[in-house]
Amino acid sequence: MLNLVLIAMILAMLIPMYEAWQDDDIWQKMLAFASVATKTSIMILVVSVFRDDWMIGVVGVIILSVGNAGLMLLAHVIKRMNEV
């Protein structure tokens, strides 16, 4: 059962990457990477619940809460560079 859930989540994770690969817009690619980071952390949380391992869950929560901060900082820097 866990394998089917993980396969479905991995397939859902690849959809935004495929869409961003077709488009040359930098914002579309950054949104795809943010989506992958979020979906990966959700996958980690699902695995931690099924395995009843709270330490893996803590890692998933840290990735979920802090993982996109660097990406958002990069988006802000690129936006500022385009204004100059």
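Worth saying up front: this structure is predicted, and the values here are computed from it rather than measured.

A. Expanded view of the packing of helix α1 (residues 2–22) against helix α2 (residues 26–51). For the pair α1 and α2, interaxial distance at closest approach is 8 Å and the crossing angle is 175°. Considered as vectors, α1 and α2 are oriented roughly antiparallel to each other. A per-class count over the contact of α1 with α2 returns 18 nonpolar, three polar and two charged.

B. A nonpolar patch on the surface, seen in detail. Taken together, the side chains of W54, M55, V58, I62 and V66 make up a nonpolar region of the molecular surface, amounting to roughly 560 Å² of accessible area. Since its relative accessible area comes to 38%, V58 is described here as partly exposed.

C. Structural view of α1. With 21 residues, α1 ought to run about 30 Å at 1.5 Å a step, and its terminal C-alpha atoms sit 31 Å apart, in line with that. Those residues of α1 that sit buried are L6, M13, P16 and A20. For α1, the elements touching its buried residues are α2.

D. How the structure looks around the UniProt feature "transmembrane region" (unreviewed entry) in the chain. Per the UniProt record, "transmembrane region" (unreviewed entry) is annotated on residues 32–50 and 57–78. Spanning residues 32–50, this segment combines 100% helix with 0% strand, and its end C-alpha atoms are found 27 Å apart.

E. Region of interest: the packing of aromatic side chains. Tallied over the full model, the rule gives one aromatic pair. Aromatic pair Y18 and W21: ring centres 6.0 Å apart, planes at 40°, arrangement tilted. In this pair, Y18 and W21 both sit in helix α1, three residues apart, roughly one turn of the helix. We classify W21 as exposed; its relative accessible area is 64%.

Rules used in this analysis
- Residues numbered from 1 in each chain as written.
- Predicted model: local features only at pLDDT ≥ 70, side-chain atom pairs only at ≥ 80, totals over all residues.
- Heavy atoms only, no water.
- Axes fitted to C-alpha atoms, helices over the stretch in contact; angles between N-to-C directions.
- Helix = DSSP H or I, 4+ residues; strand = E, 2+ residues; numbered from the N terminus.
- Parallel < 35°, antiparallel > 145°, perpendicular 65-115°, else oblique.
- Nonpolar A, V, L, I, M, F, W, Y, C, P; charged D, E, K, R; others polar.
- Patch = residues over 30% accessible without salt bridge, like charges linked within 9 Å, V, L, I, M, F, W, Y side chains within 5 Å.
- Areas by Shrake-Rupley, 256 points an atom, 1.4 Å probe, with all protein chains shown as cover.
- Salt bridge = Lys/Arg side-chain N within 4 Å of Asp/Glu carboxyl O.
- Buried < 20%, exposed > 50% of the residue type's maximum accessible area, 1.4 Å probe, protein only.
- Expected span 1.5 Å × (residues − 1).
- Contact = heavy atoms within 4.5 Å.
- UniProt positions renumbered as here; feature names shortened; annotations may be inferred.
- Phe/Tyr/Trp six-rings, centres within 6.5 Å; stacked < 30°, edge-to-face > 60°.

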